[in-house]
2 protein chains.
Amino acid sequence: MKNYFSSNFTLGVLGGGQLGRMLLSETQKFDIYTAILDNDKNAPCSEICNRFEVGNLLDYEAVYNFGKTVDLLTIEIENVNIDALEQLEKEGLPIFPKPQNLRIIQSKARQKHFYIDHQIPTAPFSHFAYLEELKHAIENSALQFPFVWKAARFGYDGNGVKIVRNFSDLENLPNVECITEKLIPFKNELAVIVARNLNGEMKTYPVVEMEFHPEANQVEYVICPARIDEKVAQKAQEIALKVVHSLDFVGLLAVEMFQTIDDEILVNEVAPRPHNSGHYSIEASYTNQFEQHLRSILNLPLGNTESKVAGIMVNLVGEEGFSGNVFYENIEEMLRIDGVTPHIYGKKETRPFRKMGHVTIVNKDIDKAREIAQKVKETIRVISK
Amino acid sequence: MKNYFSSNFTLGVLGGGQLGRMLLSETQKFDIYTAILDNDKNAPCSEICNRFEVGNLLDYEAVYNFGKTVDLLTIEIENVNIDALEQLEKEGLPIFPKPQNLRIIQSKARQKHFYIDHQIPTAPFSHFAYLEELKHAIENSALQFPFVWKAARFGYDGNGVKIVRNFSDLENLPNVECITEKLIPFKNELAVIVARNLNGEMKTYPVVEMEFHPEANQVEYVICPARIDEKVAQKAQEIALKVVHSLDFVGLLAVEMFQTIDDEILVNEVAPRPHNSGHYSIEASYTNQFEQHLRSILNLPLGNTESKVAGIMVNLVGEEGFSGNVFYENIEEMLRIDGVTPHIYGKKETRPFRKMGHVTIVNKDIDKAREIAQKVKETIRVISK
């Protein structure tokens, strides 16, 4: 086993956003020299990693050249140039998660085909090369309203997803490759994070419950553990493990799922990296997801995924109607409450629904935590000044 | 209350060692732009703070000029130029801990006089301007063997402290200002960390127990909570609070104490900053000492000092007989054990007894944690390769 703690080793990370920023706390803890590539010279990681480079993550040359300067490559965002990764891998660079996994996960259409091919339960879907084909399908009665439209690529934080109930809902959609899914009524949105290292060691975090903002389609609260039946939780974890096995995945995989009215579990989508649904782990878990990501990609023994206390995460997103220099209203007030920890991502400008930070609430009593979370949500406002 | 979370505010820190490095995790979490001054261009913080400057911390000009570029100044090491701090304070710069407190704490002699003046229990002592005076006192029977010799200034990590049993023990001591203390038999060495902000809000961490290496006079294990009688713990906390009140202290103060054979509490010395005895808090406490330090110096509400789980810290110090490029032997093996987290400080070179990192062990069961801590201590070796 390589001794990462005292070697001249450079970890390369594609993407320098908030996930990279939280990862850096862990690379610093383990003293792992970390180089980061990001499109934006003011990215949240720019000033606090060992080496920062600016370059387009979707550009072959930029990714390839960066990859040649590091000893192991990982990602904090999946929208990166996969051709470059495959070439680097061919030339011997260890890359986790594996490029072939990223190629599948980058496309929601490929993800859906993969689930079907591997008998992983997921909502029925159709796949269209362009919006025009989709419209054609409706006209030919091959597709019925209502349905969920999803852009096959480059969606994030609720962008690229829309519930379509009639023709006018289709009007402003981009003419891109997309999938449509049957609108399935569900009780809960759940997520399970699984870590797996190259040795095949595997650990599953507890099932979390996600409460979404009804309009923005963004997570408002992540609650750990999910307040669901133990049998449902077990089923969710089993399905998450099945996804990891089917992908032969190495790294951290967040599996988002629906719990249907009939307590079926359907996989919605996966993220091959630390995930919003795991931020609670920084304060609540024995091993937080960022440390676990490092352990998994470096083929170190995986850490304990159990929780010390109940944890709830509240996203801090930009208020509607505010754009510009960010101001976090009433945040200090919330620090008066025991177990409240804000994480500010270091983005200078707010925009409606932009993820600017999060707050974790931990408590031995999950109901008390949920109460405080509500208060935090209602009190802190991310505005501009 | 100033909104530090979204302002153009620069926190200045004097010292960029391991304490600064762990503090940076917290300034990053709160997105507080942090500038650091250190003597060493390769200091543990050099690559990971927003702005790093090299300069002699004991030099008036270096400290003064650095102070003029920040909005609030704090320290992670107390051996800094106090004249410069007093001038900066006069010119309006907020500095916490306060320069007048640092002036007292910098000198073990002034500390002792302060305790006596404020009826704070401490071991009887004598104060000598030079070693020669001390020798004179022995010759005149004004001082008896055995005693503890302490350099008045610039001691750290057990340097500058020696048990003197006879004339030959005096031979290699430097001819500097010093104090001697009566050698008092004690049951335990304890420590209490107290946080206080400018509003006067105050919070006390649980009493911890320190087990020392018999030769190096360095802490080997810090155990939280201390396995002592509740009444003794209460007395230790009360005395720590008395020190904080007497100093009118703002910031984080670690108070090291002896529990005597008769269960008296005697103050040994204090540190005006995050302290080795509080490292366990990163994994075990609701609010770790570095976040608490920030909260106290920024006059934010203080966080919950209770523990989620029991925590034990093991220092990783350089093995005797090894100097040069550091290698952490068997560290990965220890990651197999639940609740074990290494913190590596990023120092490239090891030396005998140099603090290179620490490992925290958390567990719901303190005896189990102690068992694991022993194993960690006996397994990991900090050597050179």
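An unreviewed UniProt entry annotates chain A as N5-carboxyaminoimidazole ribonucleotide synthase of Polaribacter gangjinensis. Database annotation for chain A, UniProt heading Subunit (unreviewed entry): "Homodimer." The heading Pathway (unreviewed entry) in the UniProt record of chain A holds the text "Purine metabolism; IMP biosynthesis via de novo pathway; 5-amino-1-(5-phospho-D-ribosyl)imidazole-4-carboxylate from 5-amino-1-(5-phospho-D-ribosyl)imidazole (N5-CAIR route): step 1/2."

Before going further, it helps to examine the UniProt feature "binding site: ATP" (unreviewed entry) in chain A. All names here are of chain A. The feature "binding site: ATP" (unreviewed entry), as annotated in UniProt, sits at Lys 108, Lys 150, Glu 181, Lys 182, Leu 183, Ile 184, Glu 189, Asn 268 and Glu 269 in this numbering. Inspection of the secondary structure assignment puts Lys 150 in strand 6 (residues 147-151). In contact with Lys 150, not counting residues within four places along its chain, are Lys 108, Gly 160, Val 161, Glu 177, Cys 178, Ile 179, Glu 181, Asn 268 and Glu 269. With respect to the helices, strands and loops of the structure, Glu 189 is situated in strand 9 (residues 186-196). Discounting residues that sit within four places of it in the chain, Glu 189 has contacts with Val 208, Glu 209, Met 210, Phe 212, Met 257, Phe 258 and Asn 268.

Our focus in this paragraph is the interface of chain A and chain B. Opposite the 46 residues of chain A that make contact, chain B presents 46 residues. With both sides pooled, the region where chain A packs onto chain B buries about 4,200 Å², and carbon together with sulfur makes up 49% of that total. On the surface where chain A and chain B come into contact, there are six salt bridges. Its salt-bridge partner being Asp31(B), residue Lys348(A) comes within 3.6 Å of it at the nearest N-O pair. Across the contact surface, chain A and chain B share 15 residue pairs in polar contact (both at pLDDT 80 or more). Contributions of two or more residues to the side of chain A that touches chain B are made by helix 1 (18-29), helix 9 (289-297), strand 16 (324-329), helix 10 (331-334) and strand 17 (340-344) of chain A. Ranked by residue count, the leading element in the side of chain A that touches chain B is strand 17 of chain A, at five residues. For the side of chain A that touches chain B, a count of residues per class yields 21 nonpolar, ten polar and 15 charged.

Rules and cut-offs
Residues numbered from 1 in each chain as written. Chains lettered and ligands numbered in written order. Predicted model: local features only at pLDDT ≥ 70, side-chain atom pairs only at ≥ 80, totals over all residues. Heavy atoms only, no water. UniProt positions renumbered as here; feature names shortened; annotations may be inferred. Helix = DSSP H or I, 4+ residues; strand = E, 2+ residues; numbered from the N terminus. Contact = heavy atoms within 4.5 Å. Buried area = accessible area lost by both parts, 1.4 Å probe. Salt bridge = Lys/Arg side-chain N within 4 Å of Asp/Glu carboxyl O. Polar contact = N/O pair within 3.5 Å; in protein donor to acceptor, adjacent residues only side chain to side chain. Nonpolar A, V, L, I, M, F, W, Y, C, P; charged D, E, K, R; others polar.

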